[in-house]
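Architecture at a glance
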Amino acid sequence: MTEILKLHNLGKSFGAITVANELSFGLKQGEALGVLGPNGAGKTSMFNLITGTLKADKGTVTFDGKDVTRMSAADRCRAGIARSFQVPQPFVGMTVFENAMVAATQAADMKGSAAKQHCLEVLEQTELLHRANALAGTLTLLERKRLELTRALCAKPKLLLLDEIAGGLTEAECVSLISTIKKIHKSGVSIIWIEHVVHALLAVVDRLVVINFGEQIAEGDPDTVMKSKEVQEIYLGIDANG
Ligand SMILES: Nc1ncnc2c1ncn2[C@@H]1O[C@H](COP(=O)(O)OP(=O)(O)OP(=O)(O)O)[C@@H](O)[C@H]1O
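If you're wondering where the values come from, they're calculated on a predicted model, not measured in any experiment. One numbering rule holds for all chains: residues counted from 1, following each sequence as written. Totals for whole chains, interfaces and linings use every residue, but because this is a predicted model, local features are given only for residues with pLDDT of at least 70 and side-chain atom pairs only at 80 or more, for both listing and counting.

Contact geometry of helix α3 (residues 96–107) with helix α4 (residues 112–125) gives a least axis separation of 9 Å together with a crossing angle of 120 degrees. Considered as vectors, α3 and α4 are oriented oblique to each other. Crossing of α3 over α4 shows right-handed handedness. Across from Phe-97, Ala-100, Met-101, Ala-104 and Thr-105 in α3, the residues of α4 making contact are Ala-115, His-118, Cys-119, Val-122 and Leu-123. Partitioned by chemical class, the residues of the contact of α3 with α4 number eight nonpolar, two polar and no charged. Structural elements are reduced to axes, namely lines fitted to C-alpha atoms, with helices fitted over the stretch in contact, and the angle between N-to-C directions of any two is expressed from 0 to 180 degrees. What counts as a helix is a DSSP run of H or I of at least four residues, what counts as a strand is a run of E of at least two, and both are numbered from the N terminus. Orientation labels follow simple angle bins: below 35 degrees gives roughly parallel, above 145 gives roughly antiparallel, 65 to 115 gives roughly perpendicular, and whatever is left gives oblique. Should the near helix be turned counterclockwise from the far one by less than a right angle, the crossing is left-handed, whereas a clockwise turn marks it as right-handed. Placing C-beta atoms from the backbone, we regard two residues as in contact once those atoms come within 7 Å. Residue type decides the class: Asp, Glu, Lys and Arg count as charged, Ala, Val, Leu, Ile, Met, Phe, Trp, Tyr, Cys and Pro as nonpolar, and the leftover types, Gly among them, as polar.

The next point concerns the pairing of strand β3 (residues 32–36). Labels follow a simple rule on C-beta atoms placed from the backbone: if 20 or more others lie within 10 Å of a residue's own, it is buried; if 12 or fewer, it is exposed; otherwise it is partly exposed. A large share of β3 lies buried, amounting to five of its five residues. The side-chain alternation of β3 yields two buried faces, one formed by Ala-32, Gly-34 and Leu-36 and the other by Leu-33 and Val-35. Any two strands between which DSSP finds at least two bridges are classified as paired. Where β3 meets strand β8 (residues 190–194), four bridges bridge the pair, whose relative direction is parallel. Note that in β8 the partner of Leu-33 across the bridge is Ile-192. When β3 meets strand β9 (residues 207–212), the two strands line up parallel, connected through four bridges. If you follow Leu-33 over to β9, its bridge partner there is Arg-207.

In space, the six strands of this open sheet follow the order β6-β7-β8-β3-β9-β10, with mixed pairing throughout. Each edge of the open sheet is held by one strand with a lone partner, namely β6 (81–83) and β10 (215–220). The mean angle between the axes of side-by-side strands here comes to 20 degrees, regardless of whether they run parallel or antiparallel.

Pairing within the open sheet is antiparallel, and its four strands lie in the order β2-β1-β4-β5. The strands lining the two open edges of the sheet, one partner per strand, are β2 (17–28) and β5 (66–67). In the sheet, strand β1 (residues 3–14) pairs with strand β4 (residues 58–63) via five bridges, with the strands oriented antiparallel. Among the inter-strand pairings, Gly-11 is bridged to a residue of β4, identified as Lys-58. Contacts between helix α1 (residues 43–51) and the sheet are confined to β1, β2 and β4, with β2 contributing the most and set at about 60 degrees to the helix.

With that out of the way, let us pick up the domain arrangement of the protein. You'll often see interface size given as the accessible area lost when the parts meet. For the domain bounds, the source is a domain assignment made automatically or taken from a database. By the assigned domains, the protein splits into domain 1 (1–80 + 157–242) and domain 2 (87–156). Listed by partner, the interface residues are 13 residues for domain 1 and 14 residues for domain 2. Of all the elements in the fold, those that place two or more residues in the side of domain 1 that touches domain 2 are α2 (73–79) and α6 (171–186). Examining the composition of the side of domain 1 that touches domain 2, we find that six residues originate from one element, α6, more than from any other.

Confidence scores here are pLDDT values: one per residue, from the predictor, ranging 0 to 100. For the protein, per-residue confidence averages 93 on the pLDDT scale, and residues scoring 70 or more make up 96% of the total. Reported for the predicted complex are a pTM of 0.93 and an ipTM of 0.94.

Counting buried residues in α1 gives seven out of nine residues, a clear majority hidden from the surface. Downstream of α1 by a residue or two, Gly-52 has a phi angle that is positive, lying close to 95 degrees.

Structure (structure tokens):
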């Protein structure tokens, strides 16, 4: 299987804080990769380095066979990288459908009836079609998470980056969102998902990467990674010798 994304020796520091220290891993076409790590480990910064809102001090980002390290965030989005934000960022005074149209027309360069049709299809996929005419500011938390997914998918991504999208949901809401994300994954979109709600992540991802202080401390199949001494000590705060 070909790699859709490759990070090679990616490095980034803010003064004394290193948020990425020689990060190197790949994502296969159609794969779902989970990212775990304690607060402040550098997970969101890694997304910013992938989307281009943060410039790397060193290393490279290759997407869909092209070196995009020096490419702007807007061009990377048009090339097929879209993300959801930890704190949903919709245009609250616009309807759900209008929010979707902004993403389809601005990020995917779609126009007229093709853009409208695309938005309707995505809203169906994200189970938000019945709220198409509601103002984004009136949505429940779960609906706002679904709108985040909608906006990202309207950009027609090949790679979808999810940043703690399950945070703050009830168990039942979380189960409902997991089912939607599984469907999106099955449709062929490659996914990298940062999440503290571990069971949600494990229900979807094929592989896990664990980051601590900007460093990759574990990578592999979810079972092995979750059982590893480093992850139990550093991420879960368990003394593996105790
Ligand atoms: N623009 C910036 N300038 C200075 N420091 C920053 C900047 N962005 C992030 N940091 C710092 O870098 C570290 C990593 O932040 P980041 O948001 O990437 O972590 P995270 O793993 O996503 O954390 P969380 O799980 O809490 O969201 C933190 O200490 C943060 O304060």
